[in-house]
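The residues making up each chain are set out below.
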Amino acid sequence: MRLLTRLIAVATTVTALSAVPAAAAPQLVVNGTFTAGTAPWWNSANTSTAVDAGRLRVTVTGGTANPWDAMVAQNDIPLAQGKAYTLSFDASASAAVTAVTTVQLADAPYTNTLTRSLSLSTTSKRFSFPFTSGLGTTAGQVSFQLGKNAGFSFFLDNVSLTEQAPSGPVAMTDGFYVDPGSNPATWVRSNPGDSRAARIQSAIASKPMARWIGGWSGDVGAAVSAYVSAADAADKLPVLVAYNIPGRDACGGHSGGGAGSEAEYKSWISAFASGIGARPAVVIIEPDSLGDFACMDDAAVQARNRMLTYATEQFRDKAPNTWAYLDAGNAGWVAAGTMATRLSNAGVGNIRGFAVNVSNYYPTAQSAAYASSVNGALGGGAKWVIDTSRNGKGSNGEWCNPAGRQLGTPAQVGGDGGTEMLLWVKVPGDSDGNCGIAPDTPAGQFSPALAVRLIDGT
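Residues numbered from 1 in each chain as written. Predicted model: local features only at pLDDT ≥ 70, side-chain atom pairs only at ≥ 80, totals over all residues. Heavy atoms only, no water.

- The name an unreviewed UniProt entry assigns to the protein chain is Glucanase, from the organism Nonomuraea bangladeshensis.

1. Overview of helix H8 (residues 336-345)
Step number 1: Restricting attention to buried positions, one finds in H8 the residues Ala336, Met339, Ala340, Arg342 and Leu343. Here the buried residues of H8 occupy an arc of 165° about the axis, which is enough to place them on one side.
Step number 2: Considering only its buried residues, H8 is in contact with helix H7 (298-318), strand E14 (322-327), strand E15 (353-356) and helix H9 (364-378).
Step number 3: Gly347 sits one or two positions beyond H8 and adopts a positive phi of about 90°. (Buried < 20%, exposed > 50% of the residue type's maximum accessible area, 1.4 Å probe, protein only. Helix = DSSP H or I, 4+ residues; strand = E, 2+ residues; numbered from the N terminus. Arc of directions from axis to C-beta. Contact = heavy atoms within 4.5 Å.)

2. Considering the pairing of strand E9 (residues 137-145)
Consecutive residues of a regular strand have side chains that alternate between opposite faces of the sheet.
Step number 1: With respect to burial, E9 is a largely interior element, seven of its nine residues being buried.
Step number 2: Bridge analysis of strand E6 (residues 97-105) against E9 gives six bridges, and the strand direction is antiparallel. When the sheet's bridge partners are listed, Leu105 is paired in E9 with Gly140. (Pairing = 2+ DSSP bridges.)

3. Considerations on helix H6 (residues 262-276)
Step number 1: Under the 1.5 Å per step criterion, the end-to-end length of H6 is 22 Å for 15 residues, consistent within 8% with the ideal 21 Å.
Step number 2: The set of residues buried in H6 consists of Tyr265, Trp268, Ile269, Ser270, Phe272, Ala273, Gly275 and Ile276.
Step number 3: Directly after H6, the chain includes Gly277, whose backbone phi takes a positive value near 60°. (Expected span 1.5 Å × (residues − 1).)

4. Remarks on the pattern of salt bridges
For side chains of opposite charge, pairing can occur when their charged atoms come near one another.
Step number 1: Here the structure, examined in full by the defined rule, presents 13 salt bridges.
Step number 2: Here Arg57 makes a salt bridge to Asp52, at a shortest N to O gap of 2.8 Å.
Step number 3: By relative accessible area, Arg57 is classed as partly exposed at 27%.
Step number 4: A relative accessible area of 25% means that Asp52 is categorised as partly exposed.
Step number 5: Residues Asp432 and Arg390 are paired through a salt bridge, measuring 3.0 Å at the closest nitrogen-oxygen approach. Pair noted here: Asp432 is in the loop between strand E18 (421-423) and helix H10 (448-456) and Arg390 is in the loop between strand E16 (383-387) and strand E17 (412-413), with a separation of 42 residues, a long-range link. Here the two residues Asp432 and Arg390 agree in accessibility, since each one is buried.
Step number 6: The network of salt bridges with shared partners includes Glu262, Lys266 and Arg306. (Salt bridge = Lys/Arg side-chain N within 4 Å of Asp/Glu carboxyl O.)

Structure (structure tokens):
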């Protein structure tokens, strides 16, 4: 398989070059040790700076309302969208305080690609934060925001921002996998004489999209393994959806079903993760499963949390090169703080992060703003992806085969406001159910008429 070939090639290269010193990772912060004074670091109002015993001392002199009202920062940091970095530094304070560090745009709208809270004490501590940049800019900024405190000194030393060696499923592959067995692709092959076939092939079937795996997939371990193996052989990144939670679509939608019991689900999701193994993949875990709590009693919610937590543990432990994302609903469903609590209770800390807008229509910018709020309520440590399969014209407030919708941005790494990836999770042209402009097309069934309307935006 391609992954094995890559690993052998890497091992051979390491052996051949073992006598050559490794090149240092590119350093993007200037004067992070302050041996040349304070420049090019700058400080805002309510602060003063000096070099003290080889480290930067920032004295916070005034009371402030916001963290950014008292800060020290360095501008002109180049960042590449989708590239991995690590921000590291030593920090302490003359009193126990909380501060914030960011990597962000230096000018409005000050978009963050990293935000972390710092608990500081009089003992110097080493902080290290890896992140994948959602920004592509030459005008980045590393900041330390010290407001909401006053009458103390902040000490900073050994600041570095370095590119990380490629890792994870994106770095292990060369682009996203185009599913040759998707519903649109299958329909095109079966209907070569249909006047719509060429348009559906060009606009939809030829694009990367997710493969949904559920009870219809048969032996789940074998189905997943076959799909991921095909992607691996092509050196492409597959996107899969795990969709088999018991009591699925609890609020009476068109996609009810799922495994028959908690035990059955745990066996199923364990086999799913094992089917991926060490090969690279992206997995969206159980769309809608954290959005429909209003239709569930407390016992059902607790059971669902157990199953989802178990799922996150399985991908963490059995699929080390998979980035898994728990579904987090959409911008018009559950308040961000409430969703953050639900994600936390369902084990989001075990995996890469969460997905928003799956099978919905909210614009990318609105979805990114919602996801950023969810992430902030989680403490800022998660990544997120957005389903852009059908959001080209945004939402009209309807979710079940609404008219006038359009295809969105095809799969890519990076996106608005720190988004890690834009993905086509919902398969364009697959019905949401017997509703809207496809009243006779069951959920999950492909409709060429729906597909063409998404292409045309009608």
